[in-house]
Amino acid sequence: MLTRKQLDLLNFIHARVQKDGVSPSFDEMKEALDLRSKSGIHRLITALEERGFIRRLAHRARAIEIVRMPDSAEPSGFRPTAIPGGLSEMPPAALKVRAGDSIELQVMGRIAAGTPIEAIQQVASHVSVPGGMIQRGGRHYALEVKGDSMKDAGINDGDIVVIQEQDDANNGDIVVALVEDQEATLKRLRKRGSAVALEAANPAYETRVYRDDQVKVQGRLVGLIRTY
């Protein structure tokens, strides 16, 4: 499964290698995909490498080897956002449940607690959530956590997080953040003037800092469900 940007980059690299025998530079990739920063290219390259489409050759400049091309030239049918378009049609769950009741929420795929990955825009399953987790008047969805970068906050790989849909959050909130309209990740939000830091809760992962226009808050963590 590739996003449109991933497929566009793979096709661009493949065409250049076929034509010139060498992969394009990061600046050429950025210009070809009309991205504002090379960090977006780094993430796309990493995603293609992790999915087994390319291989970076060590100690060689501009050395990217095409391992395989996708079976289909068409990208996957999702946009990399943790909140699907149909979610807004759901009734506000909190208006219909008491604290002692439960409600079924859609699990909208996986969210990265580690290196950012795409949150798949489709209903993967449903989960029963205690009514006390649901904030009055809000809209909610659930995601499965992938990775361990939030383990010191008590969030482990395989946990289900309950997210209240909102487009802003306070310093210190754990949020679903969309980075450069490409990848979604679960991190603690820190605002520093015109910069936004996405902070892990695991010393093995570095805090990543972006311009405020590179990050969109998609929701705030309000609950967690774990199966033993």
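In case you missed it, the structure is sitting above this.
Because the structure is a prediction, the values reported are computed rather than measured. (Residues numbered from 1 in each chain as written. Predicted model: local features only at pLDDT ≥ 70, side-chain atom pairs only at ≥ 80, totals over all residues. Heavy atoms only, no water.)

Draft legend 1. Fine view of the overall build of the protein chain. The number of helices and strands found in the protein chain is three helices and 11 strands. Buried residues in the protein chain amount to 46% of all 228 residues. Contacts in the protein chain between residues at least 24 apart in sequence constitute 62% of all its contacts with a sequence separation of at least 6. When the accessible surface of the protein chain is split by element, carbon and sulfur atoms take 46% of a total near 11,700 Å². (Helix = DSSP H or I, 4+ residues; strand = E, 2+ residues; numbered from the N terminus. Buried < 20%, exposed > 50% of the residue type's maximum accessible area, 1.4 Å probe, protein only. Contact = heavy atoms within 4.5 Å. Areas by Shrake-Rupley, 256 points an atom, 1.4 Å probe, with all protein chains shown as cover.)

Draft legend 2. Geometry of the side chain of aspartate 159. On the secondary structure map, aspartate 159 appears in the loop between β5 (140–146) and β6 (160–164). A polar side-chain atom of aspartate 159 sits 2.6 Å from a polar atom in the side chain of arginine 226. (Polar contact = N/O pair within 3.5 Å; in protein donor to acceptor, adjacent residues only side chain to side chain.)

Draft legend 3. The arrangement of the pattern of salt bridges in detail. Evaluation of the coordinates by the stated rule reveals 14 salt bridges. With a shortest N-O distance of 3.7 Å, aspartate 8 and arginine 4 are connected by a salt bridge. Here aspartate 8 and its partner arginine 4 are both found in helix α1 (residues 4–20), four residues apart, which amounts to about one turn of the helix. Classification of aspartate 8 by relative accessible area gives partly exposed; the value is 31%. For arginine 43, the salt bridge is made with glutamate 180, and the minimal N-O distance between the two is 2.4 Å. Of the two residues, arginine 43 is situated in helix α3 (residues 38–50) and glutamate 180 in the loop between β7 (174–179) and β8 (183–192); the sequence distance between them amounts to 137 residues. Overall, the relative accessible area of 15% leaves glutamate 180 in the buried class. When salt bridges with common partners are traced through the structure, they connect Arg16, Asp20 and Glu28 into a single cluster. (Salt bridge = Lys/Arg side-chain N within 4 Å of Asp/Glu carboxyl O.)

Draft legend 4. Quick peek at unusual backbone geometry. The backbone of aspartate 34 shows a phi angle near 60 degrees, a positive value even though the residue is not glycine. Mapped onto the elements of the fold, aspartate 34 is located in the loop between α2 (26–33) and α3.

Draft legend 5. Spotlight on the packing of α1 against α2. Following both chains from N to C, one finds α1 and α2 inclined at 130 degrees, their axes separated by 10 Å at the closest point. By the angle between their axes, α1 is oblique relative to α2. For α1 against α2, the interelement crossing comes out right-handed. Residue-level contacts link Lys5, Asp8, Leu9, Phe12, Ile13 and Arg16 of α1 to Glu28, Met29, Ala32 and Leu33 of α2. Broken down by class, the residue content of the contact of α1 with α2 amounts to six nonpolar, no polar and four charged. (Axes fitted to C-alpha atoms, helices over the stretch in contact; angles between N-to-C directions. Parallel < 35°, antiparallel > 145°, perpendicular 65-115°, else oblique. Left-handed = near helix turned anticlockwise from the far one by under 90°. Nonpolar A, V, L, I, M, F, W, Y, C, P; charged D, E, K, R; others polar.)

Draft legend 6. Examining the side chain of asparagine 202 more closely. Within the secondary structure, asparagine 202 sits in the loop between β9 (195–199) and β10 (208–211). By relative accessible area, which is 8% here, asparagine 202 ends up buried. Here aspartate 148 takes part through its backbone oxygen, which lies 3.1 Å from a polar atom of the side chain of asparagine 202. In contact with asparagine 202, other than residues within four places in its own chain, are Asp148, Ser149, Lys151 and Asp152.

Read these as geometric descriptors, not functional statements.
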